[in-house]
Amino acid sequence: MSRAEAGREAVGPAETGAAGAAKTAGAAGVSGAAVGVLWTLGLFRSELLVTLRRWRTIALLGVLAAVPVLIGIAVRIETGGDGGSAGGGGGGEAGPAFISQVTNNGLFLVFAALAATLPVFLPMAVGVVAGDAVAGESAAGTLRYLLVAPAGRTRLLLAKFTTALVFCLLATLVVAASALVVGAVLFPLGDVTTISGTRISFGEGLVRAGAVALVVALSLAGVAALGIFVSTLTGSGIAAMATTVGLVITVQILGSIPQLDAIHPYLFPNYWLSFSDLLRDPVHWTEIRKNLGLQALYAAVFGSAAWARFTTKDISA
């Protein structure tokens, strides 16, 4: 099969979903604006399905799901399951503080796993998916066929960015769900002792765990926007993925250098672990708001840059 034929097959789902919706809307006398919305939704659905069906995406989610299993087994072996502490509690870094509570309550494995995967595994996975969004299509020769459909470059880019954001949420939920199952199997469950020392019910603890997962997913919006922007700069999917992951690692290194503390508040990973404030009673929102505001700023800046680049880019493959 030639690359052109492969490209026609790849664009098929997008044409079918969006075009079918548009034809249905047209037959029903729906306005042009509504047809445009249906086009966008159909294109988004196609992009999401294509992304989730890739073996690379499945492998990334599998690795993320395995991390809580390894952490849970390691804590179980270290403590012998006798309810002892795997480390100091209370203050300090979020990861060690949460791990120290895992043997007492398996729900804390959710927080410990998210704290362990957020600095490296989650942003790398998002960087791979976002970095391949446009450059991968270009390298495969399918991008120009996608642009044949009357969805427009802006809608296509919006669909790809939204897909990257959905992957952020899905990846975070995979880690949280895996950690919850492993925690329930290996450790006891019950009332949750917050970082502030107060006790809340297990049900409220689950609600806060869901809120933590949502905040972690939103914390990756900046990486997703950065990856999409890098993806518009090159026609090589591998180069875009490597560059995005490399930039994430570089920013992490910059954030760990004390002499550069003046720029730390402007680096997108700076407030990533602020989700731990959701485990306080009452919840401390200051750092969480700073984190979400910073992610929104990165998403706006790099999203606009990606749009400016993609809408003027010469698509030759």
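Throughout what follows, the structure given in this document is the object of discussion. Predicted model, so just to flag it, every value in this text is computed and none were measured.

## Notes on the overall build of the chain
Phase 1: Helices and strands together make up the secondary structure of the chain, namely twelve helices and two strands.
Phase 2: Secondary structure of the chain in N-to-C order comes out as α-α-α-α-α-α-α-α-β-β-α-α-α-α.
Phase 3: Relative to its 317 residues, the chain shows a buried fraction of 45%.
Phase 4: Across the chain, every contact between residues at least 6 apart in sequence was considered, and the portion connecting residues at least 24 apart equals 75%.
Phase 5: In the form shown here, the chain has an accessible surface area of approximately 14000 Å², with 67% of it arising from carbon and sulfur atoms.

## Re the packing of aromatic side chains
Phase 1: In this structure the tally under the stated criterion is eight aromatic pairs.
Phase 2: Ring plane angle 45 degrees and centroid distance 5.5 Å describe the contact between Phe98 and Phe111, whose orientation is recorded as tilted. Taken as a pair, Phe98 in helix 4 (residues 94-102) and Phe111 in helix 5 (residues 108-117) lie far apart in primary sequence, 13 residues in all. Comparing Phe98 with Phe111 shows no difference in burial state: the two are buried.
Phase 3: On the basis of an interplanar angle of 45 degrees and a centroid distance of 5.8 Å, the ring pair of Phe268 and Trp272 is categorised as tilted.
Phase 4: A relative accessible area of 2% places Phe268 in the buried class.
Phase 5: Among the aromatic residues, those joined into a ring-pair cluster are Phe229, Phe268, Trp272, Tyr298 and Phe302.

Definitions and cut-offs
- Residues numbered from 1 in each chain as written.
- Predicted model: local features only at pLDDT ≥ 70, side-chain atom pairs only at ≥ 80, totals over all residues.
- Heavy atoms only, no water.
- Helix = DSSP H or I, 4+ residues; strand = E, 2+ residues; numbered from the N terminus.
- Buried < 20%, exposed > 50% of the residue type's maximum accessible area, 1.4 Å probe, protein only.
- Contact = heavy atoms within 4.5 Å.
- Areas by Shrake-Rupley, 256 points an atom, 1.4 Å probe, with all protein chains shown as cover.
- Phe/Tyr/Trp six-rings, centres within 6.5 Å; stacked < 30°, edge-to-face > 60°.

Distances and angles like these do not, on their own, reveal function.
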